[in-house]
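# Inside the fold
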Amino acid sequence: MANKSYSDSTWDFIGVNTKESTHCFHAYPAMMIPQVAERLIAQHGQHAKLLFDPYCGTGTSLVEANRKNIHAIGTDLNPLARLIAQAKTTPLNLQVLDLYLKDFSDYLFSILFDIHKISVVTPNIKNIDYWFSPPVQTQLAVVNTFINGITDESIANFFKVAFSETVRESSWTRNGEFKLFRMTPQQMQRFNPDVFGLIQGKLARNKRGLKALLDMHCTATSRVCAFNTVEHIEQIENGSVDLIVTSPPYGDSRTTVAYGQFSRLANEWLGIDGAAHIDNQLMGGQIKRTAAGSLCELDEFNSAMEQIAAIDDKRANEVSAFYWEYQQSIENVAKTVKPGGHVCYVVGNRKVKGITLPTDEVTRCLFERQGFVHIETVIRNIPNKRMPSKNSPTNIVGRTDSTMNNEYIVVMKKCE
């Protein structure tokens, strides 16, 4: 099966429920659906004791590992993603959670009916009046005041996840976008969100998801970290990981999936420092001087880079910055895997200036450099993933191009 690449529609999972258990917690861009992670773990982690996700996002693979009683470690540079992943994999005592939920409901009731007035402070958020109406600002501040008073960190995180979604859905952002774009004046005039109703609905939904996970009586645990895999992975012992299941970024988030922009308003309300600059911190977010030598021996990749450079040298440098950091990350990730361990990278072959970049082949090539053999590459359609289907490579209004309709599941095995 060496170097085998093929399409398989059974990986499309059309019409499946992607929101089982704690996967229901929070919308997020370009999430790997749990069915993909579940199947990869079943096929390549039958005897695994430790799974590592080096770009864990909101923790899809961590939850699926725990559901199969495999311990998991994940890392991500976006504080909101880490918060969601931590909450999704943290078991709570439902009786204790119910007490907090009742206190919260009573708290909102007292405010709605003027039984109890409190003094709230709206956070100092840049351009807050541009994104939130005054009544929404006040209601969000009321909710935030309650959450800030919760001393149990795990319970507080549970509330913060629901609060984060509420922040975005009660703002004037166009919720169909990942980047920050404001509604039209006509839409803003008609927009009257029920902040209190929104968060209570999300808390109830998330509690049902948590209960479904707890009912599985899993004993495995997850640890969510903040280290940058491009720099080092000192927190994980070399040769200790049985299985990696992950979906790395498709490119720098400023020009592909804008994780930082999507998260910015929630991160600001949650008091995260530097919330407006997260995209610059992610892979390929800054143009850096790169090492000499060839990044990849693939003619297809090098030809694509030459074509992009001929059209726009600046964009070629941005793309190059991403792939150099991707290479550094893979070199560090590879060290953590045991001999005989498997790596499963779910990647997308993005287009830049209309040129397709073969990230699946780049991934295979970079892992082969680190002593891995290629098991297979499965090509799946993307019917479920929350991704923009078109972009504007020329930045000319009305001129668009398709982005990614397929994912490539690259499976590698470390030589024993």
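Keep in mind that what you see is a predicted model, and the values were worked out from it rather than measured.

## Here we look at the packing of helix α7 (residues 153-169) against helix α10 (residues 259-269)
- It is the contact of α7 with α10, at a shortest axis distance of 9 Å, that shows an interaxial angle of 115°. Considered as vectors, α7 and α10 are oriented roughly perpendicular to each other. Where α7 crosses over α10, the two elements pack in a sense that is right-handed. Between α7, through Phe-163, Ser-164, Val-167 and Arg-168, and α10, the contact on the second element is made entirely by Gln-261, Phe-262, Leu-265, Ala-266 and Trp-269.

## Regarding the packing of aromatic side chains
- If you walk through the whole model with that rule in mind, you get 23 aromatic pairs.
- A centroid spacing of 5.2 Å and a plane angle of 45° characterise the contact between Tyr-107 and Phe-146, whose relative ring orientation is tilted. Placement of Tyr-107 in helix α4 (residues 94-112) and of Phe-146 in helix α6 (residues 134-148) is noted, with a sequence separation of 39 residues between them.
- Exposure remark for Tyr-107: the relative accessible area of 12% places this residue in the buried category.
- Here a set of aromatic residues connected by ring pairs shows up, and it is made of Tyr-55, Phe-301, Phe-322, Tyr-323, Tyr-326, Tyr-345, Phe-367 and Phe-372.
- In this structure, Arg-39 is placed above the aromatic ring of Trp-11, and the distance from its NZ or CZ to the ring centre is 4.1 Å.
- In this arrangement the basic side chain of Arg-182 is found over the ring face of Tyr-130, its NZ or CZ atom lying 3.9 Å from the centre.

## Focus: the sheet that holds strand β12 (residues 406-414)
- Ordered by their spatial adjacency, eight strands build an open sheet running β1-β9-β12-β6-β5-β2-β3-β4, and the pairing between neighbours is mixed. Each edge of the open sheet carries a strand with a single partner, namely β1 (5-7) and β4 (222-225). Direction aside, the axes of adjacent strands within the sheet are offset by 15° on average.
- In this structure, strand β5 (residues 241-246) lies alongside strand β6 (residues 337-347), joined through five bridges in parallel fashion. In the strand pairing of β6, Ile-244 is matched with Val-343.
- Across the sheet, helix α14 (residues 359-369) touches β6, β9 (372-381) and β12, and the angle it forms with β12 is around 10°.

Calculation criteria
- Residues numbered from 1 in each chain as written.
- Predicted model: local features only at pLDDT ≥ 70, side-chain atom pairs only at ≥ 80, totals over all residues.
- Heavy atoms only, no water.
- Axes fitted to C-alpha atoms, helices over the stretch in contact; angles between N-to-C directions.
- Helix = DSSP H or I, 4+ residues; strand = E, 2+ residues; numbered from the N terminus.
- Parallel < 35°, antiparallel > 145°, perpendicular 65-115°, else oblique.
- Left-handed = near helix turned anticlockwise from the far one by under 90°.
- Contact = heavy atoms within 4.5 Å.
- Phe/Tyr/Trp six-rings, centres within 6.5 Å; stacked < 30°, edge-to-face > 60°.
- Buried < 20%, exposed > 50% of the residue type's maximum accessible area, 1.4 Å probe, protein only.
- Lys NZ or Arg CZ within 6 Å of the ring centre and 35° of its normal.
- Pairing = 2+ DSSP bridges.

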